[in-house]
Amino acid sequence: MIDLTSEEFLKEIRHLQLVSRHEFAGLRVGERRTRRRGSSCEFDDYKEYDSGDDIRFIDWNLWARLDKFYIKLFASEENLNVFLLFDLSRSMDFGKSPKWDFQLRFIAAIAYLSLCNNDSTFLYPFGADLVRTAPRSHHLSDYPLIIKFLQDLTFSSHADFEKSIDQFIAQERRRGIIFIVSDCFYELDSFDRVLRKLRWHKFDTTLIQILAEEEINPTFLGSSRLIDSETNKFLEMDMSLGYRDYYQEVCEKHTRDLRVLCSKYGFQFACAQSHLQTTGFIMNLLRKGSKL
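Because the structure is predicted, anything quoted here is derived from the model rather than measured.

Caption draft 1: Broad picture of the pairing of strand 6 (residues 204-211). Of all eight residues in strand 6, eight are buried; the element is thus mostly enclosed. Burial along strand 6 is two-sided: the face carrying Asp204, Thr206, Ile208 and Ile210 and the face carrying Thr205, Leu207, Gln209 and Leu211 are both buried. One ladder, built from six bridges, connects strand 5 (residues 177-182) with strand 6; its direction is parallel. Bridging from a neighbouring strand, Phe179 pairs with Thr206 of strand 6. Handedness of the crossover is the feature at issue here: the chain leaves strand 5, passes through helix 6 (residues 188-200), returns alongside strand 6, and the resulting connection is right-handed. In the sheet, strand 6 pairs with strand 9 (residues 268-273) via six bridges, with the strands oriented parallel. The partner of Ile210 across the bridge, within strand 9, is Ala272.

Caption draft 2: Highlighting the sheet that holds strand 3 (residues 81-87). If you trace the five strands from one edge of the open sheet to the other, you get 4-3-5-6-9, paired in parallel fashion. Single-partner strands in this sheet number two, and they are strand 4 (120-126) and strand 9. Taken pair by pair, the neighbouring strands of this sheet meet at an average axis angle of 15°, ignoring direction. Bridge analysis of strand 3 against strand 4 gives seven bridges, and the strand direction is parallel. Looking across to strand 4, one finds that Leu85 is bridged to Tyr124.

Caption draft 3: Here's a closer look at the pairing of strand 3. Across the seven residues of strand 3, seven count as buried, placing the element largely inside the fold. Between strand 3 and its parallel partner strand 4, the chain crosses via helix 3 (residues 99-116), and the hand of that crossover is right-handed. Bridge analysis of strand 3 against strand 5 gives five bridges, and the strand direction is parallel. Bridge pairing in strand 5 links Leu84 to Phe179.

Caption draft 4: Local environment of the side chain of Thr206. Turning to its location among the elements, Thr206 is positioned in strand 6. We classify Thr206 as buried; its relative accessible area is 0%. Side chain to side chain, Thr206 and Gln268 meet in a polar contact 3.4 Å long.

About the thresholds
Residues numbered from 1 in each chain as written. Predicted model: local features only at pLDDT ≥ 70, side-chain atom pairs only at ≥ 80, totals over all residues. Heavy atoms only, no water. Buried < 20%, exposed > 50% of the residue type's maximum accessible area, 1.4 Å probe, protein only. Helix = DSSP H or I, 4+ residues; strand = E, 2+ residues; numbered from the N terminus. Pairing = 2+ DSSP bridges. Right-handed = clockwise from strand over helix to strand, strands pointing away. Axes fitted to C-alpha atoms, helices over the stretch in contact; angles between N-to-C directions. Polar contact = N/O pair within 3.5 Å; in protein donor to acceptor, adjacent residues only side chain to side chain.

Now the structure itself:
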């Protein structure tokens, strides 16, 4: 079992900070300064008084000098809501370096970064349905509970991606950052519908596709039996160079189409290879998207 609590693993991620491209109303007062107006003690700016503004924030000294009413504005500090939705389907257990291990390290790392900033962190594994048994976590002291939750998870026979996201949207009234992590072996139309809904509900979304090296560059040739890890159905075939090239073209096109869809809805997309270092992937993701 992979070690999600090693000092080496935590040392690589603890200096990063979780930020959002947008501001969201949090559950509590957090540590991150936003442009949202608040009533903290840190003065930020003035605005001319409008009907309905709170008269307690009128600057009377400024009124005495200018004979006009101005309201004091203060910077607000808010926590973020960080949602981690990830795939429990059996296909995630594929690869010499399993996609599952990479996914757990990614989820643990993002959760750790979020909790370091006292952000509200919510884990939503999905299989045939959305699973909601993870502890609601707000502080770094909750990290061991998250790790135990991740290590106790079991695979689902299959995953219903669209149904699970619909369940998430229906029950989660908060808004914030969402990371959706999966190998993304679902119909493109499902992704289109899901991303459109997430955009409508104003979630700040990043889609992470994880692929095993063997899925990107298959090396087997000749007579082969291909077994679906979720249904156990199999296909006997003679894998020629032509078939392998065609498979790679289809796989690459699916990834390109996912990237285009995310761009269409203003979301971030990244494809990870499960045999590579997780923290290196995260750092590259943060530099490109300014999300962490």
